[in-house]
Amino acid sequence: MPEYERICACVEEVRKLTSFQPEIALVLGSGLGDVADSIEIEAIIDYKQISNFPISTVDSHKGRFVFGKLSGRNVVCMQGRVHYYEGYSMSEVTFPVRVMQRLGVEVLILTNAAGAINPDYLPGDVMMLVDHLNLIGMGGQNPLRGPNLDEFGERFPDMSQPYDRQLLAMAEAAAQEKGIAYHKGVYAGLPGPSFETPAELRFMRVIGADAVGMSTVAEDVVAHHGGTRVLGISGISNKAN
């Protein structure tokens, strides 16, 4: 099935299961799945209920959409994502973003667990993403590789502001109001599943990375292609050394 037709078919199946209209999407990274417990739930849809939808194989990822209200806003939350290291192609990794775009989502909040490269970062810290290093894409596995989906965006999307400045300012204001300490930094996206060698970490520090992980970047690229605004947040889980 052509990619666009497959996306539309998945959206149609979701619409048969819920009429709830989300405006904001959240992708919950490792260790953050319990955020969905704060949602006033309208519907829960397991990925397995949707034909031809990629299924997460990571034990800690529940693999389902949660629709409902969070802080008064209509949201859809992904409890679990799929990763390149699971054997999926980049188009499969980012397929859920396409589906959520077609569901009408205007803002995408991407979260992840990341290893600290910046020596000032400690486990438990929060990093708001201001930029990223698409090391997988630079190696040839860009999620937009192949025929362009004109229904979503142009062939060569602008990536000069990968994370929305207005959303970042709002997140900073919220953190300051709640007394939450945070960093602003650059996230390096690697394929995994093996962790980084000392030489690789030294290299990434030299080229400007503050934290490293195995997700998020491709999702951000596809979101931009479709005109979706993105906020990225990393929970620092360990010192990458």
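Our subject is the structure that appears above.
Residues numbered from 1 in each chain as written. Predicted model: local features only at pLDDT ≥ 70, side-chain atom pairs only at ≥ 80, totals over all residues. Heavy atoms only, no water.

Draft legend 1. Highlighting helix 3 (residues 95-102). Of all eight residues making up helix 3, seven are buried, and the element is well covered by its neighbours. Considered for burial, the residues of helix 3 that qualify are Phe95, Pro96, Val97, Arg98, Val99, Met100 and Gln101. Looking one or two residues past helix 3, Gly104 carries a phi angle of roughly 105°, positive in sign. (Buried < 20%, exposed > 50% of the residue type's maximum accessible area, 1.4 Å probe, protein only. Helix = DSSP H or I, 4+ residues; strand = E, 2+ residues; numbered from the N terminus.)

Draft legend 2. Fine view of the packing of helix 1 (residues 3-17) against helix 3. The geometry of helix 1 relative to helix 3 is characterised by a closest axis approach of 9 Å and an angle of 60° between their N-to-C directions. With respect to helix 3, the element helix 1 is oriented oblique. Crossing hand, helix 1 versus helix 3: right-handed. Residues Glu3, Tyr4, Arg6, Ile7, Cys10 and Val11 of helix 1 pack against Phe95, Arg98, Val99 and Arg102 of helix 3. When the residues that make up the contact of helix 1 with helix 3 are grouped by side-chain class, the tally is six nonpolar, no polar and four charged. (Axes fitted to C-alpha atoms, helices over the stretch in contact; angles between N-to-C directions. Parallel < 35°, antiparallel > 145°, perpendicular 65-115°, else oblique. Left-handed = near helix turned anticlockwise from the far one by under 90°. Contact = heavy atoms within 4.5 Å. Nonpolar A, V, L, I, M, F, W, Y, C, P; charged D, E, K, R; others polar.)

Draft legend 3. Layout of the pattern of salt bridges. Scanning the entire structure with this criterion turns up six salt bridges. Between Glu23 and Arg73 there is a salt bridge, and its shortest N-O distance comes to 3.2 Å. One end of the pair, Glu23, is in the loop between helix 1 and strand 1 (24-28); the other, Arg73, is in strand 4 (residues 73-79), with 50 residues separating them in the sequence. Residue Glu23 is classed as partly exposed on the basis of its relative accessible area, which comes to 27%. One salt bridge connects Glu172 with Lys184, and the closest N-O pair in it is separated by 3.6 Å. A residue pair is termed long-range when its members are at least 10 positions apart, and Glu172 in helix 5 (residues 165-178) and Lys184 in strand 7 (residues 183-189) qualify at 12 residues. (Salt bridge = Lys/Arg side-chain N within 4 Å of Asp/Glu carboxyl O.)

Draft legend 4. The arrangement of helix 7 (residues 217-225) in detail. Within helix 7, eight of the nine residues are buried, which leaves the element mostly enclosed by the surrounding structure. Taken together, the buried positions of helix 7 are occupied by Val217, Ala218, Glu219, Asp220, Val221, Val222, Ala223 and His225. One or two positions beyond helix 7, positive phi appears at Gly227, with a value near 80°.

Draft legend 5. Structural detail: unusual backbone geometry. Cis geometry is found at the peptide bond from Gly192 to Pro193, where omega equals 0°. Relative to the helices and strands, Pro193 resides in the loop between strand 7 and helix 6 (198-206). Here Asn52, not a glycine, exhibits a phi torsion of approximately 60°, which is positive. Position of Asn52 among the secondary structure elements: in the loop between strand 2 (40-46) and strand 3 (64-70). Positive phi values are uncommon outside glycine, yet Thr216 reaches one of about 75°. Here Thr216 lies in the loop between strand 8 (211-213) and helix 7. Overall, the relative accessible area of 2% leaves Thr216 in the buried class.

Draft legend 6. A look at the nonpolar core. Counting residues in each nonpolar core, the largest one holds 41 residues, and the members touching the most others are Phe53, Phe65, Phe67, Val99, Met100 and Leu108. Listed in part, the 17 residues of the second largest apolar core include Ile24, Leu28, Ala36 and Ile39. (Core = buried A, V, L, I, M, F, W, Y, C linked by side-chain atoms within 4.5 Å.)

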